[in-house]
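# Summary of structural features
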Amino acid sequence: EDRVQLLVVGAATTKEALMGARVIVATPKEARDAFKAYQALAAKAGALGALILDEVDALLPPRPRDRRSSASRDRAKAQGKRKKAVSPPPEAPAAAVVKFVIERNARPELQVVAASATASRATRDELRRALRNDPYGRWAETPLETIRAGEASAAAARAIVVPSAVRHAYA
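Attention now moves to the packing of helix H2 (residues 28-37) against helix H6 (residues 93-104). Remark: H2 packs on H6, axes separated minimally by 8 Å, with the N-to-C direction vectors making an angle of 45°. Between H2 and H6, the angle falls in the class oblique. Considering how the two elements wind past one another, H2 and H6 form a crossing that is left-handed. Contacts from Pro28, Lys29, Ala31, Arg32 and Phe35 in H2 reach Pro93, Ala94, Ala96, Val97, Phe100 and Val101 in H6.

What follows deals with the side chain of Arg138. With respect to the helices and strands, the residue Arg138 is situated in the loop between helix H7 (121-132) and strand S5 (167-168). According to the relative accessible area criterion, Arg138 is buried, its value standing at 15%. Only 2.6 Å separates the side chain of Arg138 from the backbone oxygen of Asn105, close enough to count as a polar contact. Residue contacts for Arg138: discarding those within four places in its chain leaves Ile102, Asn105, Ala106, Arg107, Pro108 and Leu110.

The next subject is unusual backbone geometry. Excluding glycine, most residues fall at negative phi; most peptide bonds, likewise, are trans. The residue Glu55 is not glycine, and still its phi comes out positive at about 55°. Residue placement: Glu55 occurs in the loop between strand S3 (50-54) and helix H4 (56-59). A residue is classified by how much of its surface remains accessible, and Glu55, at 42% relative accessible area, is partly exposed.

Cut-offs applied
- Residues numbered from 1 in each chain as written.
- Predicted model: local features only at pLDDT ≥ 70, side-chain atom pairs only at ≥ 80, totals over all residues.
- Heavy atoms only, no water.
- Axes fitted to C-alpha atoms, helices over the stretch in contact; angles between N-to-C directions.
- Helix = DSSP H or I, 4+ residues; strand = E, 2+ residues; numbered from the N terminus.
- Parallel < 35°, antiparallel > 145°, perpendicular 65-115°, else oblique.
- Left-handed = near helix turned anticlockwise from the far one by under 90°.
- Contact = heavy atoms within 4.5 Å.
- Buried < 20%, exposed > 50% of the residue type's maximum accessible area, 1.4 Å probe, protein only.
- Polar contact = N/O pair within 3.5 Å; in protein donor to acceptor, adjacent residues only side chain to side chain.

Structure (structure tokens):
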């Protein structure tokens, strides 16, 4: 397992390439589709050490919510008006990938890293919602740790270096 496998729109991949990959880079939609297409990836998901979501604010859009004041909601309720029934939005592909991985990965050291320069409270709530159903309870008790760029010390900052032994394979 020393290969990087890219899952991109329009590129074909094989189960063997995915199973032999040490790093899989994919859009949430492509990852979700690959997990559905290749059931053997469930075992791969169980061995992951980290799931990284870059630009999480775009990957986990906030759900629409009732923005009326409580007085306005009470007034409408008293008048017998009901809020129109709206079907819930479909699950975001990134939420589906997070759910797929955390359900199949029992490792207590699994890390979920969500990065964004503009993540709002609503985005963090969506991430919490995706992690809430962890069958192993890893995120049930502890709040999500938020690290802001201005708060990170130079000593705590670390660069990620891809080892030179990693070979790249393109499909």
